[in-house]
Amino acid sequence: MHLPDFNVAKDRTKKENIYIDLKENYSNIFAGKKYFLRTYGCQMNVHDSEAIRNYLETLGFINTENIEEANLVVLNTCAIRENAKDKVFGFLGKCKYLKKNRDDFKIVLAGCMSEQPDVIEEIQKKHKYVDIIIGTHNLFDLPKLLSEHFKKQEIEVYSNSDEIIEGMNYSRDSKITAWVNIMYGCDKFCTYCIVPYTRGRERSRKLESIVKEVSDLKERGYKEVTLLGQNVNAYGKDIGETFSHLLECVAKTGIDRIRFVTSHPWNFTDEMINIIAKYKNIMPYIHLPIQSGNNEILRRMNRRYTREEYLELFKKMKEKIPGVAITTDIIVGFPNESEEAFLDTLDIVKKCEFDGAYTFIYSEREGTPAAKMEDSIPMAEKEERLQRLNELVNFYANKSNQKLLNKVVDVLILGKSEKDSTKLYGYTDTMKLVNVQGPEEIIGNIVSVKINEAKSFSLDGEYIGN
Ligand code: SAH
Ligand code: SF4
Ligand code: F3S
């Protein structure tokens, strides 16, 4: 499909793909208006926000960090756990207050919460001040919705359809690292998870479009791309492609660094491992969520692997990919998780010695199968388990960082450190955060850094050359 150079929006009134020039059609409505954008959730949302930003700025909106002077507030929401949702409703309260005496203040709810029927209903009943609800599949429609809404007054709901979005433009947050969607949605239906309902079925982008996007990014000076999908190793099933083939094609663009999130342990093939090991520009870093170390819990989660299969895959990765770092996600307190089952999780953490782990207390999501499961484990016990788990996880994160002490490692320098402005920060190819003593000119480069201090969550080092 050939796309024109200007930013495009799909015209839904026509059956075929017709693209309209946003500047020509809409900018007279929005020029000079200010927008405030807040993003919650995972990398998918962070990347979607780059598309939203691009739309808004093409339409003539100007970014503001001060919500009080905004004419448009866009909340790109997350629904993964109850506290993510609570944060958004908390922020909506503030928006309602700001909107009280103003008719030029519009509120858009985007992202995963906009795909949840119960949320839509709640907003339509109790939060009538929200102007537009736009789902994760409908970003293409944002300009049209906005222009229509700025003339009308009722809540506009535009959510739920399955589109593959090609040719999207992004106002990328960074000039060094870039997110690249390779697929949308998830078909795994883990019983606790809302994502298959908010992001729809797995849809893969065309291999050539992805490779072209990466080549273009490389030409524009980007050093690193992250291939994004809810389970990237399922890439291509719907279009007769494979993730290993995609990885190889992306590696051949010659871009300095390639990583990908998230991998599902199910169906992670030997070929994928071989390709990762073969190409130097594919980073030796794999985020491989395990969720639980107990087979019965894994079965009830519908994770499609056993602890033995996970361990076998883990071992294979460690053997075949030199220096690979593996991180994971773990849920504690899944419905009726016994103490013994939890001990299996601690045990697998000890066996794997993960480089890092994101740990969560199970959060019930309405409409998912796990929400109907009986649960007699008190919250206090779940919290206590989380603490025990975190202690162990931190111990191994520290242990893996200690291995780098006094070593020289390659670090992609991303900018000035937020905590200490005399330092820079960046990441190793195993995604370890390093605070670096060095000159500002090295920002955007991969440089050699000597590590002189190792902590649980970061390393300190000094720049010693390119
Ligand atoms: N697609 C990725 C992860 C997406 S969500 C994968 O399958 O690995 C990120 C993490 O949030 C999950 O790995 C899981 O650990 C956690 N999570 C998802 N749903 C949750 C829930 N209902 N309660 C608590 N944690 C949850
Ligand atoms: Fe959710 Fe499972 Fe899909 Fe990950 S693989 S997004 S946890 S359903
Ligand atoms: Fe949240 Fe949606 Fe990502 S629910 S974690 S923003 S896919």
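What counts and how
- All residue numbers refer to position in the chain's written sequence, counted from 1.
- Key to labels: chains lettered from A, ligands numbered from 1, both in the order written.
- The predicted origin of the model limits local features to residues at a pLDDT of at least 70 and limits the giving and counting of side-chain atom pairs to 80 or more, whereas totals for whole chains, interfaces and linings rest on all residues.
- No hydrogens and no water enter the side-chain calculation; it runs on all heavy atoms of the structure.
- If a single non-hydrogen atom of a residue is within 4 Å of a molecule or strand, that residue counts as near it.
- Classification convention: Asp, Glu, Lys, Arg as charged; Ala, Val, Leu, Ile, Met, Phe, Trp, Tyr, Cys, Pro as nonpolar; all other residues, Gly among them, as polar.
- Salt bridges are defined as contacts in which a side-chain nitrogen from Lys or Arg sits within 4 Å of a carboxyl oxygen from Asp or Glu.
- Going along the chain from the N terminus, every DSSP run of H or I of four or more residues is numbered as a helix, and every run of E of two or more is numbered as a strand.
- Relative accessibility decides the category of a residue: with a 1.4 Å probe and only protein chains considered, values under 20% of the type maximum give buried, values over 50% give exposed, and everything between is partly exposed.
- By construction, the arc corresponds to the directions joining the helix axis to the C-beta atoms.
- Here the rule is simple: two strands pair whenever DSSP picks up at least two bridges between them.
- Fitted lines through C-alpha atoms serve as axes, helices being fitted only where they are in contact, and the angles separating the N-to-C directions of these axes extend from 0 to 180 degrees.
- Multiply 1.5 Å by the residue count of a helix minus one, and that product is the helix's expected span.
- In this analysis, two residues are considered to be in contact whenever any of their non-hydrogen atoms come within 4.5 Å of each other.
- Put simply, a nonpolar core is a bunch of buried Ala, Val, Leu, Ile, Met, Phe, Trp, Tyr and Cys residues held in one set by side-chain atoms that sit within 4.5 Å of each other.
- Domain borders in the structure are assigned automatically or taken from a domain database.
- Under this scheme an angle from 65 to 115 degrees is roughly perpendicular, one under 35 degrees roughly parallel, and one over 145 degrees roughly antiparallel; angles in between are oblique.
- Crossing handedness follows the turn of the near helix against the far one: under a right angle anticlockwise gives a left-handed crossing, and clockwise gives a right-handed one.

Let's shift gears to the site of ligand 2. Taken together, Cys186, Lys188, Phe189, Cys190, Tyr192, Cys193, Val195, Pro196, Gln230, His264 and Arg303 make up the full set of residues adjacent to ligand 2. Of the residues in the shell around ligand 2, the class split is seven nonpolar, two polar and two charged.

Turning our eyes to something else, we now look at the pattern of salt bridges. Tallying each qualifying case throughout the model produces 32 salt bridges. Between Lys316 and Asp270 there is a salt bridge whose closest N-O contact spans 2.8 Å. With Lys316 in helix H11 (residues 307–320) and Asp270 in helix H9 (residues 270–278), this residue pair connects regions lying 46 residues apart in the sequence. In this structure Lys316 comes out as partly exposed when scored by relative accessible area, which is 23%. A salt bridge links Glu339 to Arg388; the shortest N-O distance between them is 2.7 Å. On the criterion of sequence distance, the pair formed by Glu339 in helix H12 (residues 339–352) and Arg388 in helix H13 (residues 379–402) is long-range, its members being 49 residues apart. A relative accessible area of 25% places Arg388 in the partly exposed class. One continuous salt-bridge network, built from bridges that share partners, spans Glu337, Glu339, Glu381, Glu384, Arg385 and Arg388.

A few words on helix H4 (residues 117–126). Within the span of H4, buried status applies to Val119, Ile120 and Ile123. Around the axis of H4, the buried residues are gathered within 100° of arc, so they sit on the same side. Of the residues in H4, the exposed ones pointing more than 90 degrees away from the buried face are Pro117, Lys125 and Lys126.

On to the sheet that holds strand S18 (residues 424–428). On the basis of which strands lie adjacent, the closed barrel formed by five strands has the order S17-S18-S19-S21-S20 and mixed pairing. Across the sheet, the axes of successive neighbouring strands diverge by a mean angle of 50°, strand direction being ignored. When S18 meets strand S19 (residues 433–437), the two strands line up antiparallel, connected through four bridges. Each residue of the ladder has a partner; that of Leu424, found in S19, is Val436.

Helix length check: H11 (14 residues) gives 20 Å between terminal C-alpha atoms against 20 Å at 1.5 Å per residue, within 8%. Taken as a whole, H11 has its buried residues at Arg307, Tyr310, Leu313, Phe314 and Met317. The arc that holds the buried residues of H11, viewed along the axis, is 125°, so those residues lie on one side. Across H11 from its buried face, at more than 90 degrees, point the exposed residues Glu312, Lys315 and Glu319. On its buried face, H11 sits against H9, strand S14 (285–287), helix H10 (295–300), strand S15 (325–332) and H12.

Right, let's get into the site of ligand 3. Neighbouring residues of ligand 3: Cys42, Asn45, Cys78, Ala79, Ile80, Cys112, Val195, Arg199 and Gln230. Looking at the shell around ligand 3 residue by residue, the classes come out as six nonpolar, two polar and one charged.

Let us now look at the side chain of Glu337. Within the fold, Glu337 resides in the loop between S15 and H12. The contacts of Glu337, once residues within four sequence positions are left out, are Ile297, Ile331, Val332, Phe342, Thr345, Ile377 and Arg385.

Okay, unusual backbone geometry next. Omega for the bond connecting Val261 with Thr262 falls within 30 degrees of zero, at 0°, which places this linkage in the cis form. Along the chain, Thr262 falls in the loop between strand S13 (257–261) and H9. For Arg304, which is not glycine, the phi dihedral falls at a positive 70°. Among the secondary structure elements, Arg304 is positioned in the loop between H10 and H11. You will see that Asn406, though not glycine, has its phi angle at about 70°, which is positive. Within the fold, Asn406 resides in the loop between H13 and strand S17 (408–416). Classification of Asn406 as exposed rests on a relative accessible area of 53%.

The next point concerns the environment of Val434. Relative to the assigned elements, Val434 resides in strand S19. For Val434, a relative accessible area of 0% puts it in the buried group. Measuring from C-alpha to C-alpha, the distance between Val434 and Asn28 comes to 46 Å, with 406 residues separating the pair along the chain.

Core analysis: the largest hydrophobic core is formed by 56 residues, its most contacted members being Leu227 and Phe243. Each of domain 2 (174–283) and domain 3 (289–402) gives at least three residues to this core. Excluding residues within four positions of it along the chain, Leu227 makes contact with Val180, Ile182, Val232, Phe243, Leu246, Leu247, Val250, Ile258, Arg259, Phe260 and Val261. Grouped together as the second largest cluster of nonpolar side chains are 27 residues, Phe89, Phe105, Leu109 and Ile194 included.

Bringing the packing of helix H3 (residues 82–99) against H4 into the picture now. Their axes nearest at 13 Å, the elements H3 and H4 cross at an angle of 15°. One finds that H3 runs roughly parallel with respect to H4. Considering only the axes of H3 and H4, their crossing is right-handed. Contact residues: H3 offers Lys85, Phe89 and Leu92, while H4 offers Asp118, Val119, Glu122 and Ile123.

Let's shift gears to the sheet that holds S13. Strand order in the open sheet formed by three strands is S9-S12-S13, with parallel pairing between adjacent strands. A single partner strand is all that each edge strand has here, and the edge strands are strand S9 (177–181) and S13. Taken over all neighbouring pairs, the strand axes of this sheet differ in orientation by 25° on average, direction set aside. Of the pairings in the sheet, the one linking S9 to strand S12 (residues 224–228) comprises five bridges and is parallel in character. Considered in S12, the bridge of Thr177 is made with Glu224.

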